[in-house]
Amino acid sequence: MKIHIRNGRLIDPASKTDKLLDLFIAAGRIVGVGAAPAGFEANSVLNATGCIVCPGLVDLAARLREPGFEYKATLESEMAAAAAGGVTRLACPPDTDPVLDEPGLVEMLTHRARLPEFAHVHPVGALTTQLEGKSLTEMAELNEAGCVAFGQANRAIVDTQVLLRAMMYAATFDFPVWLQAQDPFLARKGVAHDGEVAARLGLAGIPVAAETIALATILHLARETGARVHVTRISSAAGVEMVVAARAAGIAVTCDVAIHHLHLCEMDIGFFNAHARLDPPLRSVRDREALRTGLASGAINALCSDHTPVDDDGKQMPFDEAEVGATGLELLLPLTLKWAQEVKLPLVTALARVTSDPARILGVKAGSLASGAVADICVFDPAAAFRVSRENLRSQGKNTPFLGSELPGRVRYTLIGGHLAYDGTLN
Amino acid sequence: MNAFGTQQNPQLNGHGELQHLLTIEGLPREVLMRILDTAAPFTEVAEREVKKVPLLRGKSVFNLFFENSTRTRTTFEIAAKRLSADVINLNINTSSASKGETLLDTTDNLAAMQADMFVVRHASSGAPYLIAQHLAATGRDHIHVVNAGDGRHAHPTQGLLDMYTIRHYKTDFTQLTIAIVGDVLHSRVARSQIHALTTLGVPEVRVIAPKTLLPTGVERLGVRVFNDMREGLRGVDVVMMLRLQNERMQGALLPSTQEYFKSYGLTPEKLALAKPDAIVMHPGPMNRGVEIDSAVADGGQAVILPQVTFGIAVRMAVMAMLAGN
């Protein structure tokens, strides 16, 4: 299959390109940028007039809910959502049921996900068995089965000796360790940022110190062990400052932020809106501003969807009983564009945070439109709007605090390995 | 910037009238005053030979108590019966919820029994909002919801009966200094009192508690914070005591009831720092010797029993107004 993407504005953050350039694809790879290779004859021409052509998005956190939670979402539904959202590669956290702590489970998942129209899936293996924080998983075996990194999803390792050893062991093989920084004691029973809104609504709070204390532990142990640490879903201004300082001190640490925390704050809980029940909690306006600035400057390395489909039953509950999380795969691109507009960031920089930068954290060759690269491509119309509604979302999870809003950018085509996985012109 | 907040305040209808009573926060002063004014004649009903008025005749009021409370449930029941309503009491933590039925399933089932009003008590903050929003989303706006206490969030009828009591003894809210003493962190009563007092124009609302029993950022609710009870009580017109739950002694919030009583228990000696004509209030049930000394609880300045009596009139007023809107 030879494809010609015609007349689009090509933005390739990896090479800092932003230019009107055609793209030529053959046998699943990019074979020409700007000019077709000799003798190229397209089987299919995709019209990208008025559109931006960029690398397919790389999402560092998308829960596919398989295995174990098929009533919330299935691989099929969430892969359709990924393709519709221009996401061509994603990492999935290990908090499935059973958890991804055995090579067989990881192999089964990657095997199930190996369809041409499905995004490339990179499972994050469990760092400890059952995510219980007690004993180590077979990381080398899990790595052979396809795990690119090891983490705990949203579960903390309470025992710091286990954490130290897990990081040492991972460092032995140079496996990256992905950790959420949240002290489980300070976060105990908490459901919202410990601030004005929680005080008013009578919700149990999670103080910023829950993040900074856990982060201090992680950063100290990263220095101690030399482990490559990636901090997931950072939520506070103080947390960003600590990561920046640690990096300046020579600690190898990266971090990401979720789309929700980039755009929302504690006020968005409104009248107990369960869609705003997230982990970590939405924090203050000041924290949100620091996250927006930090992502722009690169202090925060990547933006992710933290996609967590939850069924209606899980959300139609009192705020403190509702399940945490929001659907996000289809909002990642629009919310990246909205943020870029609001902070006046060039698209080539903004898109880096959802393409080449997360690809580097994953340690895979992706997120680039260079000749020879795998043809994972997103073509979107920046002038069109995406209205977030239950009907428009392909994800089985309709749970998002953005329901009802109009966001910039609509995907026209998504190509995964040169295969047209989504065609928005058919809608 | 609440860019994506599409939720409406569900407690007011299109005309700005009370559709439900979920919280005092955000209610205009006029609405609060109207409730207090409406309550006044209801106090006389209790003194009649026949303690009934027909305002809610033929209406069904469901007391949905997902959390036990004999006292509050009883006062709502009496209030509804004095308005001639049919009252159905449901203690749900002992029935469906334990069988796995969701809050909204329970609501739907009871709504199908032609309920006109739900009086809801729930351990989770915001639970009555969920019910009100669900009723609106399913086109059953004619059913009114009264919050009878949700988690740590609100207990609006308690807040209102406290305002009624203060007005009864002190008349002008704008001349008062009022102290709320005790476990503000876990108290829905305190939150409702604070919103009511600040809305009614009380110039100085104080909260007195150790730091472990105050929510972060409580001063942004418009109160002055005191950690020293003696300092906080100086010159106040009204002392509003809060109940201290015994389980607060676990979980490292307080060392012991003895130490709490020493620092934050209301004794005659501490009360003497308030104005000589200060009144003492308590939402009940009291822990004598923990937050309040019996000499104060039974003393001349306590208005704790009148609070209970006024509570029925205020709840009658709320139910009558909702049914009329």
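Residues numbered from 1 in each chain as written. Chains lettered and ligands numbered in written order. Predicted model: local features only at pLDDT ≥ 70, side-chain atom pairs only at ≥ 80, totals over all residues.

Student: Describe in detail the overall build of chain B, supporting the description with residues and values.
Tutor: What chain B contains, in helices and strands, is 11 helices and 9 strands. For a compact globule of 325 residues, the expected C-alpha radius of gyration is about 20 Å, and chain B comes in at 20 Å, within 12% of that figure. Summarising its shape, the C-alpha atoms of chain B cover approximately 55 × 45 × 40 Å along the three principal directions. Per-residue burial for chain B yields a buried fraction of 48% across its 325 residues. Put simply, 80% of the contacts in chain B that link residues at least 6 apart link residues at least 24 apart. (Helix = DSSP H or I, 4+ residues; strand = E, 2+ residues; numbered from the N terminus. Rg over C-alpha atoms; globule rule 2.2 N^0.38 Å. Buried ≥ 20, exposed ≤ 12 C-beta atoms within 10 Å, placed from the backbone. Contact = placed C-beta atoms within 7 Å.)

Student: Go over the sheet that holds strand β7 (residues 52–55) of chain A with me, naming the residues and quoting the values.
Tutor: All names here are of chain A. If you trace the 6 strands from one edge of the open sheet to the other, you get β3-β2-β7-β18-β19-β20, paired in mixed fashion. Edge strands, defined here as strands with exactly one partner in the open sheet, are β3 (17–20) and β20 (419–423). Neighbour-to-neighbour, the strand axes of this sheet turn through a mean angle of 30°, independent of strand direction. Across the sheet, helix α11 (residues 332–343) lies against β18 (377–387) and β19 (406–416), angled at about 130° from β19, the strand it touches most. (Pairing = 2+ DSSP bridges. Axes fitted to C-alpha atoms, helices over the stretch in contact; angles between N-to-C directions.)

Student: Tell me about the domain arrangement of chain B, and name the residues and values.
Tutor: Residues and elements named next belong to chain B. According to the domain assignment, chain B contains domain 1 (29–154 + 309–324) and domain 2 (156–307). For domain 1 and domain 2, the distance between their C-alpha centres works out to 26 Å. Between domain 1 and domain 2, the contact holds 21 residues from the first and 22 residues from the second. Elements represented by at least two residues in the side of domain 1 that touches domain 2 include exactly α1 (29–45), β4 (144–150) and α11 (304–324). (Domains from an automatic or database assignment.)

Student: Which residues make up the pairing of β7 of chain A, and what values do they have?
Tutor: Residue and element names in this part refer to chain A. Examined bridge by bridge, strand β2 (residues 9–12) and β7 share 2 bridges and lie parallel to one another. From the neighbouring strand, R9 faces β7, where its bridge partner is I52. Summarising the sheet, β7 and β18 pair through 4 bridges and their orientation is antiparallel. Its bridge partner lying in β18, I52 is registered against F380.

Student: Outline the sheet that holds strand β7 (residues 224–226) of chain B, listing residues and values.
Tutor: Residue and element names in this part refer to chain B. Pairing is parallel in the open sheet, where 5 strands are placed in the order β7-β6-β5-β8-β9. In the strand order of this sheet, the two ends are held by β7 and β9 (279–281), each with one partner. Neighbouring strand axes in the sheet, compared pairwise and without regard to direction, differ in orientation by 20° on average. Here 4 bridges tie strand β5 (residues 177–181) to strand β8 (residues 238–241), and the two strands are oriented parallel to one another. Among the inter-strand pairings, I180 is bridged to a residue of β8, identified as M240. Those strands touched by helix α6 (residues 188–199) are β5, β6 (204–208) and β8, and its axis lies near 170° from that of β5.

Student: Explain the interface of chain B and chain A to me, using residue names and the numbers behind them.
Tutor: Each partner contributes to the interface: chain B provides 29 residues, whereas chain A provides 28 residues. Sorting the residues of the side of chain B that touches chain A by element identifies α3 (103–111), α4 (127–137) and α6 of chain B as the ones contributing at least two each. For the side of chain B that touches chain A, the element with the most residues is α4 of chain B, which contributes 3 residues. For the side of chain B that touches chain A, a count of residues per class yields 10 nonpolar, 14 polar and 5 charged. (Nonpolar A, V, L, I, M, F, W, Y, C, P; charged D, E, K, R; others polar.)

Student: For the nonpolar core, give the residues involved together with the corresponding values.
Tutor: All names here are of chain B. The biggest cluster of nonpolar side chains holds 249 residues, and the ones touching the most others in it are V181, V239 and M319. Formed jointly, this core draws a minimum of three residues from each of two domains, domain 1 (29–154 + 309–324) and domain 2 (156–307). Apart from residues no more than four positions distant in its own chain, V239 is found in contact with A179, V181, L233, L266, L271, A274, A278, V280 and M281. (Core = buried A, V, L, I, M, F, W, Y, C linked by C-beta atoms within 7 Å.)

Student: Can you tell me about the environment of H122 of chain A, naming the residues and giving the values?
Tutor: Residues and elements named next belong to chain A. Locating H122 in the fold gives a position in strand β10 (residues 120–126). Residues H122 and F175 lie 53 residues apart in sequence; the distance between their C-alpha atoms is 14 Å. Aside from chain neighbours lying at most four places away, what touches H122 is A91, V148 and L362.

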